[in-house]
Amino acid sequence: MSTPFWGPDFDALQQQDPEIAGVVLNELDRLRGGLQLIASENLTSPAVLAALGSTLSNKYAEGYPGRRYYGGCQVVDVAEEIGIARTKELFGAEHANLQPHSGASANLAAYAAFAEPGDTVLAMDLKQGGHLTHGSKVNFSGQWFNAVSYTVREDSELIDYDQVRDLARENRPKIIIAGATAYPRLIDFKAFREIADEVGAIFMVDAAHFIGLVAGKAIPSPVPYADVVTATTHKVLRGPRGGMILSRAEHAKALDKAVFPFSQGGPLMHSVAAKAVAMKEASTPEYQAYADQVIANAQALSKSLEAEGMRAVSGGTDTHLALIDLRPIGVTGSEAEARSEAARITLNKNAIPYDPAPPMKPSGIRVGSPSVTTQGMVETDMVEIGRLLARAVKAEQGTPAGDAELADIAEAVSALVARAPAYPRP
Ligand code: DSN
């Protein structure tokens, strides 16, 4: 390469805008100084960050490679073509679109490709682990479509496939969606495909949460079963913040048109290039080992929290996340989130299935292993994290003893992350 990289120049940022430079450094300190257990986050590689911080951010490239509405796209075309080829290869998909700005944008495009306003869609209830874009009344999906929700069984907390079939027969949805944000178990894509075929529905999988585990061959892929798979690229997959769509070839044209020009304008070419980098990283044996370790770590963390008196929804996890019912220890999800934060452990409160508590004070927390696994942590670290987290959620914040306990745990967290740091200093 003859041209030296002209990229992120932090000295220039510090000189020109010390306030924002300070924010960037504070966030790096926050990542380095604590444990990130939010199941939908990860720590991108320097290569992904370099592509994101590149001059590709400048380019308008409405359209698709070779068919753009702007001149000068010959260079960025290469990034998108490489990204699409790598994505198709990695997932064995007939078609890939890397332009969605987010998972929600990818879902909007998928709805637009296959349904008209007023049509019925069948998806998992948000309160039971679904997503806003799966038919919530405060989202376009619930306002523009007739959204029917399926649930998990009250006894097993697993998806009730009999109920999905009954609801599909009764409501004849245009689209059936599988996928969730707080479901710790594997999804039976074959069962969904059969139900969709029986009622003539499009089968869509929102794989945002687990697509990275699919990339790493750690769990079964929805691609052979689904008409369309939407996803984000920044969760276990460890790419830049953004979305993507995989599909069968027969749906390629409709989906591409639904992304651009229907729901988006110019793609973010720096992000498309960074997605291409992430696909290359996810194609390696190292990444496959990472994906396996993500699951092993989530299972170890879930077991460790159970040993501390909490309850893992559905009895455990097959994936990167565990949903933890705190009622056995008499703590709310919001208390647990605040107490953990004070101990430098970042996680989110979360409703559990059939939660009797309100959404802002739910009965559970969601914990995930993608970030700590990227830092190189293994099962023994998860046991230690489970013990620290249990101490934190039980500490009575606001009392001298509770605050002292949280400060003590924060020290232990600092020592733990010092052994396996995020973004280690050179
Ligand atoms: N906000 C994401 C999550 O945390 O699961 C889903 O969009």
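Look above for the structure.
What you see is a predicted model; the values in this text were computed from it and never measured.

S.K.: Just give me the short version of the sheet that holds strand E15 (residues 364-368), but keep the residues and values in it.
M.R.: Taken in spatial order, the four strands make up an open sheet running E11-E12-E15-E14, and their pairing is antiparallel. A strand with exactly one partner marks an edge of an open sheet, and here the two such strands are strand E11 (311-312) and strand E14 (348-350). Strand direction decides the pairing type here: E11 and strand E12 (residues 321-325), joined by two bridges, are antiparallel. Within the sheet, the bridge partner assigned to Ala312 lies in E12 and is Ile324.

S.K.: Which residues make up the sheet that holds strand E4 (residues 95-97), and what are the values?
M.R.: One open sheet accounts for seven strands, arranged E4-E10-E9-E8-E7-E5-E6; its pairing is mixed. Every interior strand has two partners, whereas the edge strands, E4 and strand E6 (146-150), have only one. Averaged over all adjacent pairs, the angle separating strand axes in this sheet is 20°, with direction ignored. Judged from the four bridges that link them, strand E7 (residues 175-178) and strand E8 (residues 202-206) form a sheet pairing that is parallel. Looking at the pairing, Ile176 lines up with Phe203 of E8.

S.K.: So what about the environment of Tyr70? Which residues, and what values?
M.R.: For Tyr70, the location among the structural elements is in the loop between strand E3 (67-68) and helix H4 (74-91). Placed 196 residues apart in sequence, Tyr70 and Gly266 show a C-alpha to C-alpha distance of 9.9 Å. Setting aside residues no more than four positions away along its own chain, Tyr70 makes contact with Lys59, Tyr60 and Glu62.

S.K.: Break down the site of the ligand for me, with residues and values.
M.R.: Ser40, His131, Thr181, His209 and Arg366 make up every residue found near the ligand. His131 is positioned such that a nitrogen or oxygen atom in its side chain is 2.9 Å from an oxygen atom of the ligand. One nitrogen or oxygen atom from the side chain of Arg366 is found 2.8 Å from an oxygen atom belonging to the ligand. Taking 230 Å² as the accessible area of the ligand by itself, protein coverage stands at 62%. Taken together, the residues that form the shell around the ligand break down as no nonpolar, four polar and one charged.

S.K.: Now, about the pairing of E7: what can you tell me, with residues and values included?
M.R.: Where burial is concerned, the two faces of E7 agree: the one with Ile175 and Ile177 and the one with Ile176 and Ala178 are both buried. With two bridges joining them, strand E5 (residues 120-124) and E7 adopt parallel strand pairing. Among the inter-strand pairings, Val121 is bridged to a residue of E7, identified as Ile175. Following the chain from E7 across helix H8 (residues 189-199) to the adjacent parallel E8, one finds a crossover that is right-handed.

S.K.: How would you sum up helix H7 (residues 161-171)? Please name residues and give values.
M.R.: For H7, every residue scored as buried is listed here: Tyr161, Val164, Leu167 and Ala168. Across the axial projection of H7, the buried residues extend over an arc of 120°, all falling on one side. Buried-residue contacts for H7 involve E5, E6, E7 and H8. Trailing H7 by a residue or two, Arg172 shows a phi angle of about 45°, which is positive.

S.K.: Describe the packing of helix H12 (residues 285-307) against helix H15 (residues 379-394), naming the residues involved and giving the relevant values.
M.R.: Where H12 meets H15, the axes come as close as 8 Å, and the angle between the chain directions of the two elements is 35°. Judged by the sense of rotation from one axis to the other, the crossing of H12 with H15 is right-handed. Residues Gln293, Ala296, Asn297, Ala300, Leu301, Ser304 and Leu305 of H12 form the contact with H15, whose own contacting residues are Glu379, Met382, Val383, Ile385, Gly386, Arg387 and Leu389. Looking at the contact of H12 with H15 residue by residue, the class counts come to eight nonpolar, four polar and two charged.

S.K.: Explain the packing of aromatic side chains residue by residue, including any values.
M.R.: Scanning the model with the defined rule gives ten aromatic pairs in all. Pairing Tyr60 with Tyr70 gives two aromatic rings, centres 5.1 Å apart and planes at 15°, and the pair type is stacked. On the criterion of sequence distance, the pair formed by Tyr60 in the loop between helix H3 (46-52) and strand E2 (63-64) and Tyr70 in the loop between E3 and H4 is long-range, its members being ten residues apart. On the basis of relative accessible area, Tyr70 is assigned to the partly exposed category, the value being 36%. A centroid spacing of 6.0 Å and a plane angle of 35° characterise the contact between Phe189 and Phe210, whose relative ring orientation is tilted.

S.K.: Kindly report on the pattern of salt bridges, identifying the contributing residues and their values.
M.R.: All told, the structure shown has 22 salt bridges when counted by the stated rule. Among the ionic pairs, Arg153 bridges to Asp155, the shortest N-O distance being 2.7 Å. Given the relative accessible area of 36%, Arg153 is considered partly exposed. Among the ionic pairs, Asp325 bridges to Arg327, the shortest N-O distance being 2.9 Å. A relative accessible area of 2% means that Asp325 is categorised as buried. The exposure class assigned to Arg327 is partly exposed, which follows from its relative accessible area of 43%. A cluster of three or more residues bridged by salt bridges with shared partners is formed by Glu157, Arg311, Asp325 and Arg327.

Cut-off values and rules
Residues numbered from 1 in each chain as written. Predicted model: local features only at pLDDT ≥ 70, side-chain atom pairs only at ≥ 80, totals over all residues. Heavy atoms only, no water. Pairing = 2+ DSSP bridges. Helix = DSSP H or I, 4+ residues; strand = E, 2+ residues; numbered from the N terminus. Axes fitted to C-alpha atoms, helices over the stretch in contact; angles between N-to-C directions. Contact = heavy atoms within 4.5 Å. Near = heavy atom within 4 Å. Polar contact = N/O pair within 3.5 Å; in protein donor to acceptor, adjacent residues only side chain to side chain. Areas by Shrake-Rupley, 256 points an atom, 1.4 Å probe, with all protein chains shown as cover. Nonpolar A, V, L, I, M, F, W, Y, C, P; charged D, E, K, R; others polar. Buried < 20%, exposed > 50% of the residue type's maximum accessible area, 1.4 Å probe, protein only. Right-handed = clockwise from strand over helix to strand, strands pointing away. Arc of directions from axis to C-beta. Left-handed = near helix turned anticlockwise from the far one by under 90°. Phe/Tyr/Trp six-rings, centres within 6.5 Å; stacked < 30°, edge-to-face > 60°. Salt bridge = Lys/Arg side-chain N within 4 Å of Asp/Glu carboxyl O.

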